[in-house]
Amino acid sequence: MGMERGGFVYRIYRALTYGLSPLIHLHLRWRKLRGLEHALRWRERLGVPSHSRPPGPLFWFHAVSLGEGMCAIPVIKCCIERRPDVTVLMTTTTTSAFEVIKHQLPENVIYQFSPVDTPGAVDAFLRYWKPSAIMLMESELWPNLIIGAAKNRIALALLNARMSVKSYDSWSQPYINSLTSLMLSKFLLVLPLSTTQAIRFQLLQCPPFIINFCGDLKYAVGNIDTNEGDQRALEELQVQLMNRKVWMASSIHKGEEKVMLAVHNALKEIHPDIITIIVPRHPQHGEQIALELEKDGVRVALRSRHDKLMPGTNIYVVDTLGELQKFYRLTPIAVIGGSFLPGSAGHNISEAAAAGCAILTGPYIGHFSHMATQMQRLNPLSVLQVSGHILVEALSNLLSDAKLLEERQEAAKQAYHALSCGITENVWGLLDFHIFRIALANQDCP
């Protein structure tokens, strides 16, 4: 009965997305004009390929944006090493992810933009690429894609599976929940981030026997490659930061810059030579911050202008893409943004831990709370959660006490290494057993 209702709801969804296809096409053109879609490759979003398909089996990895895409790369590299006979296709949705990930993927990986979830785009994409298996990252549940893949006997996996409370409420609505159940029944493997996430998927009727645990792939993300010119610039900056007090506010959202700049001003009273590095979530926000500060007569060094830290400059704004990891290696203290304003959901803290930063985060960290809890269980000093008004005191203590700073840096690094050990191997083993063998066997069958 539930599956029949799910099929009925899906047919309604398919009809609606079919009818809205012309409007979605126009919307993509509008986004292209605004620079939100790739100027030359935006038609890939309609299922139009820009690369020829090699013969033989093909595995498709899909992620919506940069963070999820970076999580897929260690598994992709493992796949290429273990299965050189298979072609790997990677897709993402956002242009920001494309600009960074295209430089991180192995040369023999095909990289495209993902199709929008309309019948025409999805059917064209599946018909052309004919994937043997599809690995979706985190929370990418698209009815046309999932049902279409199942009809074509394509093996489906959901990696680093997560569902926010808001998404759970949406997918569990009356009638919608039957579609959710139908979609989840098409997967052969679901790897949730945590026990809490596993429970949410089970409450949405995900078959319990396909749920496995292997750890968070965010811990497995390696270092981002740096070209020679960027590396020289970073080394020069490192020299400029020597013998100065440094801290970084990373992945900050609009509104949080006020919190961080207030903290900077308070710390400057105590440490006049302090350097505050600000890395906004979106690069254009960084340019806005710099312009506002310069209007007020504050000297700012801007990464995109290749500014150097001149005497009297205490704020360095990073308004470029894909450089967060690199800057974590330049600072002893990282304050993770997206966590200081109500309604925020936090950001990945494992990259800062891997670089050996002392980590502070705000109280609003959403599903990243499981990561903070895991690290704190291993070492209570690894992550410090504070509210905005306590941030000045917490940072001042770290900047004034070299021993305390070193203890927190070491705690974060130790927790990261303990949690990252063997994750890629675990994911590979589960994919090989539950997905790849079945996918290739299905391909051999008429």
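Up top is the structure.
Quick summary incoming for the structure in this document. (Residues numbered from 1 in each chain as written. Predicted model: local features only at pLDDT ≥ 70, side-chain atom pairs only at ≥ 80, totals over all residues. Heavy atoms only, no water.)

### Quick notes on the nonpolar core
Ranked by size, the top nonpolar core spans 77 residues in total, and within it F59, M90, M135, L159, I277, M375 and L431 carry the most contacts. Membership of the second largest hydrophobic core comes to 36 residues, among which are I134, L156, L158 and V190. (Core = buried A, V, L, I, M, F, W, Y, C linked by side-chain atoms within 4.5 Å. Buried < 20%, exposed > 50% of the residue type's maximum accessible area, 1.4 Å probe, protein only.)

### What about unusual backbone geometry?
Positive phi values are uncommon outside glycine, yet N160 reaches one of about 50°. Its location among the elements puts N160 in strand β5 (residues 155-161). Take N160: its relative accessible area is 2%, and that puts it in the buried class. A positive phi angle, near 75°, is found at Q205, a position not held by glycine. Considering the arrangement of structural elements, one finds Q205 in the loop between α9 (195-203) and α10 (228-241). Residue classification places Q205 among the exposed positions, given a relative accessible area of 52%. (Helix = DSSP H or I, 4+ residues; strand = E, 2+ residues; numbered from the N terminus.)

### A closer look at the packing of aromatic side chains
Inspection of the entire model under this criterion finds nine aromatic pairs. Judged by centre distance (4.3 Å) and plane angle (10°), the ring pair of F59 and F436 falls under stacked. One end of the pair, F59, is in strand β1 (residues 58-62); the other, F436, is in helix α18 (residues 423-444), with 377 residues separating them in the sequence. An identical accessibility class is assigned to F59 and F436; each is buried. Judged by centre distance (6.3 Å) and plane angle (55°), the ring pair of Y219 and Y416 falls under tilted. You can see Y219 sitting in the loop between α9 and α10 and its partner Y416 sitting in helix α17 (residues 402-420), a full 197 residues away along the chain. Accessibility assignment for this pair places Y219 and Y416 in one class, buried. Pairwise contacts between aromatic rings join W60, F125, Y128 and W129 into one cluster. (Phe/Tyr/Trp six-rings, centres within 6.5 Å; stacked < 30°, edge-to-face > 60°.)

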